[in-house]
Amino acid sequence: MAFAKELEVGLAAVRLAARVCQSVQASITGDVLDKQDKSPVTVADFASQAVICRALQQAFPHDPVISEEEADALNREENSPFRDRILKELAAVGIEATPEELSQWVDHGSEKSPGARFWTLDPIDGTKGFVRGDQYAVSLALIVEGEIQVAVLGCPNLPGHDGWDKQRGALFSAVRGEGAQLRPLAESAEHPQSVRVSSTRKGSFARLCESVESGHSAHSDSARIAALLGISNDPVRLDSQAKYAVVARGEADIYLRLPTKKDYREKIWDHAGGVLVVEEAGGKVTDVDGKPLDFQQGSELRNNRGVVVTNGGLHAEVLSAVAAVLGGETLA
């Protein structure tokens, strides 16, 4: 199997990082929410990045990593309570570290100009969902010569097997050309199940999912697009790249990340892991103009506007509706 070691390391790292995130999320109380205290997100973000970058550095020392966080803030004396809490969370999953090691692991993810082969990581995608106790994701992807080759997407609060499963915690993975798979997050599975998108081929029968926060995608435009497609069901709103997972296993058919500002460009770590999972499950992902997402432009998708994710069979119809609402031509 191609990229077997990369997949093995990625699965183990994301699973361990998710355990840390679950521990931190469980500590969030109503008092924290009332105060709009961001400290749990800070702790989980840095701890998750440290866990994964540590694993990647040990296994693939020459691979750069593009991620969100840098260790500068951790090294300030006033932030020592955050640093101590992060070290405590790492110790709870068997990683004993010094403050210096913590900083080094976090900064391993601060690459700005990677070469032909690099990883991109979102240690916690969907921070508002994380704080609310709802959906979030840990997303990791390996990009080689501009193509996503390996993806691991941990969704700690999604049902483990399907939308009706009572066990929470799903771990999605994909290797280019080898399909998408799903494992329970809590344990390793020798025989993971295959993941396939839905067979819906008519827009009016489709199920749409979109971001909870309207600041992440233009909800009014989504509603207009849904009306053009004849969709009568209310949109399913959930945070993070869990939306990619929901499309990949056929519980929704469409995910739209529509531009909210003319000059805004998406970050690669917000999409790379989910993109390959959906594509290997049989779906399709482009920008709103029908162009493939370009992961060769550093940390941003500079050559793309927005993101359109579908089960594949609906893609041309969805792009036409998007073009009618947003203006401009699309390429089916």
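Remember, predicted model here, so these are calculated numbers, not experimental data.

Enquirer: Lay out the sheet that holds strand β11 (residues 284–286) in plain terms, naming residues and giving numbers.
Expert: The strand order across the open sheet built from 5 strands is β9-β8-β10-β12-β11, with neighbouring strands paired in mixed fashion. Either end of the sheet is taken by a strand with one partner, and the two such strands are β9 (236–237) and β11. Of the strands in this sheet, β11 and β12 (307–310) are in contact with helix α9 (residues 272–280), which crosses β11 at around 140 degrees. Those strands touched by helix α10 (residues 315–326) are β10 (254–257), β11 and β12, and its axis lies near 145 degrees from that of β12.

Enquirer: Quick one: what's the story with the pattern of salt bridges, residue by residue and with numbers?
Expert: If the charged atoms of two oppositely charged side chains come close together, the side chains can form a pair. Counting across every chain of the model gives 15 salt bridges. R305 serves as the salt-bridge partner of D289, at 2.7 Å between the closest nitrogen and oxygen. With D289 in the loop between β11 and β12 and R305 in the loop between β11 and β12, the pair connects residues that are 16 residues apart, well separated along the chain. Classification of R305 as partly exposed rests on a relative accessible area of 28%.

Enquirer: Account for the state of the cysteines, naming residues and giving values.
Expert: For the structure on display, the rule yields 0 disulfides. Its sulfur unpaired, C53 is 13 Å from the next cysteine sulfur, which belongs to C21. This cysteine, C155, is not joined by any disulfide, and C209 carries the nearest cysteine sulfur, 12 Å off.

Enquirer: Would you mind going over the packing of aromatic side chains in detail, with residue names and values included?
Expert: Under the counting rule described, the total for this entry stands at 3 aromatic pairs. Judged by centre distance (4.9 Å) and plane angle (90 degrees), the ring pair of F130 and Y136 falls under edge-to-face. On the accessibility criterion, Y136 (0% relative accessible area) is buried. Between Y244 and Y255, the aromatic rings sit 5.4 Å apart at their centres with planes inclined by 85 degrees, giving edge-to-face as the arrangement. Remark: Y255 occurs in strand β10 and Y244 occurs in helix α8 (residues 242–248); sequence separation between them is 11 residues. Summarising the burial analysis for this pair, Y244 and Y255 share the class buried. Above the ring of W105, the side-chain terminus of R54 is found at 5.5 Å from the ring centroid. Taking the ring centre of F60 as reference, the NZ or CZ of R117 above it sits at 5.5 Å.

Enquirer: Explain the packing of helix α7 (residues 219–229) against α10 residue by residue, including any values.
Expert: Closest axis-to-axis distance for the α7/α10 pair is 9 Å, and the angle between their directions is 125 degrees. Relative to α10, the element α7 is oriented oblique. Crossing of α7 against α10: the hand is right-handed. For the pair α7 and α10, contact is made by D221, R224, I225, L228 and L229 and by E317, V318, A321, V322, A324, V325 and L326, respectively. Counted by class, the contact of α7 with α10 contains 9 nonpolar, no polar and 3 charged residues.

Parameters and conventions
- Residues numbered from 1 in each chain as written.
- Predicted model: local features only at pLDDT ≥ 70, side-chain atom pairs only at ≥ 80, totals over all residues.
- Heavy atoms only, no water.
- Pairing = 2+ DSSP bridges.
- Helix = DSSP H or I, 4+ residues; strand = E, 2+ residues; numbered from the N terminus.
- Contact = heavy atoms within 4.5 Å.
- Axes fitted to C-alpha atoms, helices over the stretch in contact; angles between N-to-C directions.
- Salt bridge = Lys/Arg side-chain N within 4 Å of Asp/Glu carboxyl O.
- Buried < 20%, exposed > 50% of the residue type's maximum accessible area, 1.4 Å probe, protein only.
- Disulfide = S-S within 2.5 Å.
- Phe/Tyr/Trp six-rings, centres within 6.5 Å; stacked < 30°, edge-to-face > 60°.
- Lys NZ or Arg CZ within 6 Å of the ring centre and 35° of its normal.
- Parallel < 35°, antiparallel > 145°, perpendicular 65-115°, else oblique.
- Left-handed = near helix turned anticlockwise from the far one by under 90°.
- Nonpolar A, V, L, I, M, F, W, Y, C, P; charged D, E, K, R; others polar.

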